[in-house]
Amino acid sequence: MFEGEMAGLTAILKTGTVKVPRPIKVLDALGGGSLLVMEHLDMRYLSSHAAKLGEQLADLHLHNQKLGEALRTEAGTVGRGDGQAELPFVDQFGFDVVTCCGYLPQVNDWQKDWVEFYARQRIQPQIDMVEKGSGDREALQLWSALQLKIPSLFRDLEIVPALLHGDLWGGNVAEDSSGPIIFDPASFYGHSEYELAIAGMFGGFSSSFYSAYHGKIPKAPGFEKRLQLYQLFHYLNHWNHFGSGYRGTSLNIMRNLIK
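Thresholds applied
- Residues numbered from 1 in each chain as written.
- Predicted model: local features only at pLDDT ≥ 70, side-chain atom pairs only at ≥ 80, totals over all residues.
- Heavy atoms only, no water.
- Core = buried A, V, L, I, M, F, W, Y, C linked by side-chain atoms within 4.5 Å.
- Buried < 20%, exposed > 50% of the residue type's maximum accessible area, 1.4 Å probe, protein only.
- Helix = DSSP H or I, 4+ residues; strand = E, 2+ residues; numbered from the N terminus.
- Contact = heavy atoms within 4.5 Å.
- 1 Å grid on protein atoms, 1.4 Å probe; cavity = no way out; pocket = protein on both sides within 12 Å on 5 of 7 lines; lining within 4 Å.
- Points joined across faces, edges and corners; volume = space filled by probe spheres on them.
- Polar contact = N/O pair within 3.5 Å; in protein donor to acceptor, adjacent residues only side chain to side chain.
- Axes fitted to C-alpha atoms, helices over the stretch in contact; angles between N-to-C directions.
- Parallel < 35°, antiparallel > 145°, perpendicular 65-115°, else oblique.
- Left-handed = near helix turned anticlockwise from the far one by under 90°.
- Nonpolar A, V, L, I, M, F, W, Y, C, P; charged D, E, K, R; others polar.

## Here we look at the nonpolar core
- Trp114 and Phe154 are the most contacted members of the largest nonpolar core, which totals 66 residues.
- Element by element, the count of residues in this core is highest for helix α7 (residues 223–242), at 9 residues.
- Excluding anything up to four places from it in sequence, Trp114 contacts Phe93, Phe154, Ile159, Phe188, Gly190, His191 and Tyr230.

Take a look at the structure:
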């Protein structure tokens, strides 16, 4: 868990877009367990810098796309330099290490196709845990029907892998005198819209955050439906963490998306 968190913080730090606590080292704790040593930041609740967070989060999501555009420009330039970017351009979905959303590990095996990645490596493992935990037949039936529907939600959409925080709810953001801070990531390269799913749950963010974000990354057609699909992961994840109080919402999302 901590090695995944350290890798996520390091990757975000290297983009130079949004502030994170600088990770220092993962250590074995005395008596068992582990600990993650990070830079101390004097954080307070996010308030005055919400719009700035929206801008910087959009910059984070656009960072990999801009690396790709720069590579294509360089490829057509005679006598280009050999400068190496701190982060290489990533043309697949996934991550180099396992990361955790809550205490559950995420499958981050690299995939070329985002729809396949999301269905197989985000929703399917959660459904498998539901089946193992409760054998919920209705959940399995709804998921079987929804899988056939998912590709239609992405028709005519080109998705460039974006580095994501991965668990960006109100409890994982803060600010200091210099601006916004994000922490406790569950990072991977995915669809930028995925980030906004849990951001809209559990209290969500202010309208200034969304206005600033969508000023740089406008909503694409079908955004609201895909947002429900992405929230499905988080409700299933909460079901598997905290129990069947999240069952009803999970099933309702699947029913709505199948219509």
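Past the structure itself, the notes keep going.
## Some thoughts on empty space enclosed by the protein
- Following the criterion strictly, the structure yields 1 cavity of 30 Å³ or more and no others.
- Within this model, the largest cavity holds a volume of roughly 70 Å³.
- Around the largest cavity, the lining residues are Leu104, Pro105, Gln106, Val107, Gln121, Arg122, Pro125, Gln126, Met129 and Phe233.
- Of all the secondary structure elements, the ones that give two or more residues to the lining of the largest cavity are β4 (104–106) and α3 (114–134).
- The greatest single-element share of the lining of the largest cavity, amounting to 5 residues, is contributed by α3.

## Re the side chain of Asp176
- Here Asp176 shows up in strand β6 (residues 173–176).
- Residue classification places Asp176 among the buried residues on the basis of a relative accessible area of 8%.
- Within the structure, Asp176 has its side chain in polar contact with the side chain of Ser178 (distance 2.6 Å).
- Every residue in contact with Asp176, bar those within four places of it in the chain, is listed here: Lys19, Asp42, Arg44, His49 and Ile181.

## Section: the environment of Ala212
- Its place among the elements puts Ala212 in helix α6 (residues 207–216).
- Not counting residues within four places of it along the chain, the set of residues in contact with Ala212 comprises Ala51, Gly54 and Glu55.

## Thoughts on the packing of α3 against α7
- Between α3 and α7, whose axes approach to 10 Å, the crossing angle comes to 25 degrees. One finds that α3 runs roughly parallel with respect to α7. Handedness of the crossing formed by α3 with α7: left-handed. Together, Trp114, Tyr118, Arg122, Ile123, Gln126, Ile127, Met129, Val130 and Ser134 of α3 and Leu229, Tyr230, Leu232, Phe233, Leu236, Asn237, Trp239 and Asn240 of α7 make up the contact between the two elements.
- Broken down by class, the residue content of the contact of α3 with α7 amounts to 12 nonpolar, 4 polar and 1 charged.

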